[in-house]
Each structure stands twice: as structure tokens, then as C-alpha cells.
Amino acid sequence: MEHRLLSEDVRDSFHEGLRRLRTEAGNLDGLSAGPQPDVATHLRQGFLRWHDDVEAFLLRHVQDPPDLASSGRYRLLLEGTVPPDQMYRAVNGERQRIMLQLAAIEQQLPSGPAQPVTEPAGAGPRVVAEDEAPLVFISHASEDKARFVVPFATRLRANGVNAWLDRWEMLPGDSLVDRIFAEGIGRARAVLFVVSKHSADSPWVAQELNAATVGRIEGTTRVMVVRLDHADVPEALRDLVYEDVDPDGDWSPALERIIRAVFEVPARPPLGRPPAYVRQALGLGGEPGGDHESGLVTTAAEATGEQTTVAATVALVKLGVTDGTHRIRMEESLRALTDDCLRRLSRIPFSPLHRLEDARVLEDRLAAFEAEADGLARVLATGIYHGEDQHDAYWLRPIVRMCRSAAADDSEMLPGALRPTRRYPALWLYYSAGVAAVAAARERFVTVVMRAGPFPAPSRGAEELCEFLHPRAVLDYRLVDRMPKWAGAEVRFGLSKHLRMTIRPVFGDLLDDAEFAVAFERFEYLRSMIEADLGHEPALGEYASGADRMPPSIGRVIQREIRGAGPSWPLLRAGAFGGEVQRALDAAERARGR
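Residues numbered from 1 in each chain as written. Predicted model: local features only at pLDDT ≥ 70, side-chain atom pairs only at ≥ 80, totals over all residues. Heavy atoms only, no water.

Some remarks on the overall build of the protein chain
Right, on to step 1. A count of helical and extended segments in the protein chain gives 25 helices and seven strands.
Right, on to step 2. A buried classification covers 47% of the 594 residues belonging to the protein chain.
Right, on to step 3. If you take every contact in the protein chain between residues at least 6 apart in sequence, the share linking residues at least 24 apart comes to 68%.
Right, on to step 4. Summed over all atoms, the accessible surface of the protein chain reaches about 29,000 Å², with 51% contributed by carbon and sulfur. (Helix = DSSP H or I, 4+ residues; strand = E, 2+ residues; numbered from the N terminus. Buried < 20%, exposed > 50% of the residue type's maximum accessible area, 1.4 Å probe, protein only. Contact = heavy atoms within 4.5 Å. Areas by Shrake-Rupley, 256 points an atom, 1.4 Å probe, with all protein chains shown as cover.)

Here it is in C-alpha cells:
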């Protein structure tokens, strides 16, 4: 995909920022030293901060930036499910993947559109670039080259593995030590040892084994073994599963297993459903159409069809947050539903809104937005309510995508009074997510979502989500307060009332009316606190209607909570208000609207 800068004005800051990110990427290695298990935690946290920096950098500089969060390995890091002894390997693999993407973007920018690559006549299709393919160093004895090593390495390369073989890499005058140990083993994702009666006497194989063993202990290198002629395996490799190969026979099965190991793709067959008698014994229901399991699993199965239904995705989300085996399908279904929502929103026609008399047009337009975003909002509310902190990235991504879409539509071609209205679907999702997080006592997510971004804004640079979706930046309050639904009534905080009324159906049976009212009011207060702390005018809400007479009850409750819990108050633990109790109290005072 071709990438371009948002404008020529950011070219210098692009190159400067890229140099900084590369330096920070190198500094991650410094986090890999120290006592276990702290080292794995610090390395993971450092990588995730760097990953966020890269995403923010791309959003500020590049049109249609790549989705850096699309890899399965990143999802495992985000969820915190990578074992400590594999942390460096996982972080290093993700870091290399992202740095390659950055390098590819950098190469495209100076010369404009990328030119097609012309392959030599007779060459096969170029499946993967050499600098993107996993590097595997092959340690072997010279005597085994012709009969096995060269043919095996050639087949590896034909299957997307960048096999490093001295015959292909070494040139006259090269330093053996630098080329083999620094550029070969030092950069390799894996080292493959070809063990034979000849390798036992090779001093080079012995030194390569020492270097690879150090990498294996540090978690930076995977070590694999192919054994020829039933030779004795060295002591340092005997705890590893190895492949027995007859050089003169068919070693294709061993080749496939090595390739799977390099790419970390297991050969497990797909997991099916338990037999009916097992489901019945465990109380999961009988055949499809029966009880609990058929009502959830069967419904969730519909999410993989051509028409992704909201009910199917909701069912899949309920499964995904409780059973990791459904998580990939859950994410795919959520992505498809988001794609469909964005497509339908883009088809809603726009016309200028310049006069207060256009309030009726605005009311109709908001209703159209809400109808198209309703399904996605229901899915997010379900996931946030039933999920845990480790799942938050799944729910944040659709909101961020909605904001990016709105930012892309904030063009000068739309009338000034109309442009911000494009952000309303994102605001509606944001409110739905925030209310769900508060109702589930997971207020940390409110901080996470409000600090998302930045998103490009016309004439104002880039904004975090709390500023990009500040209610006053999304809709003209005068128009909202004059919508026909408020006819004959004096309205204060009309947008707050409108959001409360239109979002309530999203929660269906998740919350009763009283629970929803409490969660909505509390979310608006917390949102206003964070806005105030970040230097923005708090948007307030219905809760502030009586602020000129007495402190609103929700304000008293939250201020009492902060004083009682101190640094343990949920938003302070999540990093809001700099973790400072007094800052939170000051923000709470401003959020009262007095």
C-alpha cells in the first residue's frame, strides 16, 4: 500500500520523529536486564508504550497509516498472556515487524508513488521480501553441505524462510567472526543445528552452539535440531525435540515441521464441538436449538457468515471474553461489524446547517446516525460490561476507527457548521462505552478511551479523544436546544438529555432504568473531571442543572470517594490526574459546574 505524508509541512518532523522512535526501539534492550520476573513486566510495559508512540506518530504524519495492532503476537502482549521466559522473543519480533513497516513508509515518501517491482524473466512469484522473512542461521559441518544442507536450505528459502548459509553469505575478505556471530546468529530468529557424525568434530559448530545457547537462555533465539544418520546429539541440545532425517530419503515432512516451528504455526486440527452426550452431561444443552449452548454458540456461528448480525456478534463477544478459543473469531466479527457500520454511515447524505431553524434537520440526521451505530454500540456495551481489563483493546479499536473516519471527513469541502457533526457517531459510541464501563465498575476504561488518539483536526493540529469528541466540538448547542423534541420546554444541557434518552435502548436487559441513570450521570461527571484536568472547559451534563443552588449529589459522592480511597481510587490507579489526589479533587470541584 502506498503511504504519503498528511502534508509537506510535517516532513521534517516525520524524519526527526522516526529517528527518535528508532532510538527508543534500541533502548528497549536495556529493559531486558534485571531480576525475574520484573524484567518481563518492564519489557512488556516499555514495548506497549513505544507501540503507542509509533501509532500516535503515524496518525500525526501519514495518510491512511497501517494498522499496527493487527498481529496475533501483539494481541498476546496486550493481553499479558506471553510467558516471562518468552517475553524478549515476542517483543523483539514485534519490534522488528514495526521497524520494517516504518522503513517501508520512509522509502516511499521521497519518491512519491511506489513503482512496481520487475522480477527477472523466469523467476517465480516474490512472496515475501528478504528483510521481512524470518532469518534462520544453519549451523553444520562442511561435509554435510552437498548431500543435505544446501538442498534443505534452498527449500526453506522457497517457503519464505531466509536461510543463512555461509556459502551464500560469505565473500572474500569478510570477517568470519563478524559475519557468522554478529550478522548471522546475532540477527537470527532461530538457529538450526544439523547434527551428524561430522558436526561433532567441527570447532565452528561448537562455537556456534555456545553462542546460540546463550541466546536461548536469554530468550532471544529459538534453537532447532535436525539429526542425520542417528548421530549423537550434543549434551546442550538433548532436551529439545529434534527431527530425524535420512538425507537420501524423503525429508519433506521434517521440512514442513521446521517451517511451522519458524513461523510458530502449529499443526493442530480445528477444534470441534463436544458430542451431544457430553454437552448434555455438562448441562450445556443438547442438539442445536436446545438450551444454553445452542442459544449462544449456534447464534455466534452466524457471525462468520456473509451477513454479520448484531445478535451473532453479541453472542460471540460473550463467548470470547470467557473462553480464549473464541477470541480471534470475536475480533474478526467485531472488525466486520465496524466496517459495515462505517460503510452505512458514509452513505448518509449531508446538507448545510447554517440557521437555528435547521434544528429539525439536525434531529433527523442524529436519528439516522444512531440507527446505523446502534448495533455496534450494543456489541461494545456487552463486551465492556462482561469483559475484563485485558479485553479493553478490542472495544477501544472501533471507537478509534470511528474517530479516524470522522477526522478524514473533516475537510474544507464540508460547511463549517456541518463538519463537526460527522463526529457524532463516534461521540455516541464513546458515551455507550463509558456508561458500560461505569456500570461494570471498570472505570479505568474511561481513562483509557479519553486519552486515545491523537486525531488530526483542521487548523488545530492533533487532539486527544477527550478534546476531539468534546460535546461542544461535535454539535452546536443552540441547534440541539431547539430540536423539535424540546418544543415548549426550557432546556438546559439538551445534548446530555438527548444522549441519555437515545443511548438507553443500547443497554436493553444489561441494566435496568435506575442502574442506567446512575451510570450515565457518573460517566458524565468523570468525563467532565478529566476534561477539566487536561485544561479543557468541562462539558458538564444534566447533573449540573442545580449547581447554582447546591452541590450536585454525584459531586459529593465522588469527592468523598477520592478522599476515602486516596491513591487507590480507580481513576488515580489508572494514571488519570497524574495519580495525584489533590489534582483529582480540584478537577472534581470544577466538574460541579459552579
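Resuming the write-up.
A few points about the packing of aromatic side chains
How two aromatic rings sit relative to each other is set out by the distance from centre to centre and by the angle between their planes.
Right, on to step 1. Enumeration according to the criterion identifies 16 aromatic pairs in this entry.
Right, on to step 2. Relative to Tyr431, the ring of Tyr430 lies with its centre 6.0 Å away and its plane at 80°, an arrangement referred to as edge-to-face. The burial state of Tyr430 is the same as that of Tyr431; both residues are buried.
Right, on to step 3. Looking at Arg423, its charged tip hangs above the ring of Phe468, at a distance of 4.0 Å from the centre. (Phe/Tyr/Trp six-rings, centres within 6.5 Å; stacked < 30°, edge-to-face > 60°. Lys NZ or Arg CZ within 6 Å of the ring centre and 35° of its normal.)

Topic: the sheet that holds strand S2 (residues 162-164)
Right, on to step 1. Strand order in the open sheet formed by five strands is S2-S1-S3-S4-S5, and the pairing between neighbours is parallel. In this open sheet, the two strands that pair with only one neighbour each are S2 and strand S5 (243-245). Along the sheet, successive strands turn relative to each other by an average axial angle of 25°, direction set aside.
Right, on to step 2. By the bridge criterion, six bridges tie strand S3 (residues 190-195) to strand S4 (residues 222-228) in an arrangement that is parallel. Looking at the pairing, Val195 lines up with Arg227 of S4.
Right, on to step 3. Each of strand S1 (135-139), S2 and S3 touches helix H7 (residues 176-185); the most contacted strand, S1, lies at about 145° to it.
Right, on to step 4. Its contacts with the sheet place helix H9 (residues 252-263) against S1, S3, S4 and S5, and it is angled at close to 170° to S4. (Pairing = 2+ DSSP bridges. Axes fitted to C-alpha atoms, helices over the stretch in contact; angles between N-to-C directions.)

Describing the packing of helix H16 (residues 424-439) against helix H22 (residues 513-533)
Right, on to step 1. The geometry of H16 relative to H22 is characterised by a closest axis approach of 8 Å and an angle of 110° between their N-to-C directions. Overall, the two elements H16 and H22 adopt an arrangement that is roughly perpendicular. Where H16 crosses over H22, the two elements pack in a sense that is right-handed. Contact residues: Tyr430, Tyr431, Gly434, Val435, Val438 and Ala439 in H16; Phe516, Ala519, Phe520, Arg522, Phe523, Glu524, Leu526 and Arg527 in H22.
Right, on to step 2. Across the contact of H16 with H22, the residue classes tally to 10 nonpolar, one polar and three charged. (Parallel < 35°, antiparallel > 145°, perpendicular 65-115°, else oblique. Left-handed = near helix turned anticlockwise from the far one by under 90°. Nonpolar A, V, L, I, M, F, W, Y, C, P; charged D, E, K, R; others polar.)

Examining the pattern of salt bridges
Right, on to step 1. Taken as a whole and judged by the stated rule, the model has 27 salt bridges.
Right, on to step 2. The residue Arg500 makes a salt bridge to Glu542 at a minimum N-O spacing of 2.6 Å. One end of the pair, Arg500, is in helix H21 (residues 494-503); the other, Glu542, is in the loop between H22 and helix H23 (553-565), and 42 residues separate them in sequence.
Right, on to step 3. In this structure, Arg527 and Glu531 form a salt bridge, with 3.1 Å as the shortest nitrogen-oxygen distance. Linking Arg527 with Glu531, this pair stays in helix H22, spanning four residues, or about one helical turn. Like Arg527, the residue Glu531 is buried in the burial classification.
Right, on to step 4. Salt bridges linked by common partners bring Asp340, Arg343, Arg344 and Glu372 together as one network. (Salt bridge = Lys/Arg side-chain N within 4 Å of Asp/Glu carboxyl O.)

With respect to helix H1 (residues 11-27)
Right, on to step 1. Under the 1.5 Å per step criterion, the end-to-end length of H1 is 25 Å for 17 residues, consistent within 8% with the ideal 24 Å.
Right, on to step 2. Within H1 the residues assigned to the buried category are Phe14, Gly17, Leu18, Leu21 and Ala25. Taken down its axis, H1 places every buried residue within 110° of arc, on the same side. Among the exposed residues of H1, those oriented more than 90 degrees off its buried face are Asp12, Glu16 and Arg19. (Expected span 1.5 Å × (residues − 1). Arc of directions from axis to C-beta.)

Re the pairing of S3
The two faces of the sheet receive side chains in turn, since in a regular strand these alternate between them.
Right, on to step 1. Summarising burial for S3: six of the six residues are buried, a large majority.
Right, on to step 2. Of the strand pairs in this sheet, S1 and S3 are connected by four bridges, and their pairing is parallel. Bridge pairing links Ser139 to Phe193 in S3.

Let's talk about empty space enclosed by the protein
Right, on to step 1. This model, assessed by the stated rule, comprises five cavities of 30 Å³ or more.
Right, on to step 2. Looking at the largest cavity, its volume works out to about 100 Å³.
Right, on to step 3. Lining the largest cavity are Glu331, Leu334, Arg335, Thr338, Tyr394, Arg397, Pro398 and Arg401.
Right, on to step 4. Of all elements in the fold, only helix H13 (327-346) and helix H15 (392-409) reach the threshold of two or more residues within the lining of the largest cavity.
Right, on to step 5. As a volume, the second largest cavity reaches approximately 60 Å³.
Right, on to step 6. Lining the second largest cavity are Tyr431, Pro471, Tyr477, Phe493, Leu495, Ser496, Leu499, Glu524, Arg527, Ala539, Leu540 and Gly541.
Right, on to step 7. Top element by residues in the lining of the second largest cavity is H21. It accounts for three residues.
Right, on to step 8. Here the lining of the second largest cavity is composed, by residue class, of eight nonpolar, two polar and two charged. (1 Å grid on protein atoms, 1.4 Å probe; cavity = no way out; pocket = protein on both sides within 12 Å on 5 of 7 lines; lining within 4 Å. Points joined across faces, edges and corners; volume = space filled by probe spheres on them.)

Overview of the nonpolar core
Right, on to step 1. Counting 93 residues, the largest nonpolar core has Trp395, Tyr424, Phe507, Met529 and Phe577 as the members making the most contacts within it.
Right, on to step 2. Considering each element in turn, this core owes the most residues, 12 residues, to H16.
Right, on to step 3. In this view, Met529 contacts Ile558, Ile562, Trp569, Phe577, Ala584, Ala587, Ala588 and Ala591; residues no more than four positions away in its chain are not counted.
Right, on to step 4. Formed by 28 residues, the second largest nonpolar core is a distinct cluster that contains Leu43, Trp50, Val54 and Leu68. (Core = buried A, V, L, I, M, F, W, Y, C linked by side-chain atoms within 4.5 Å.)

Any functional reading would require information that these geometric values do not contain.
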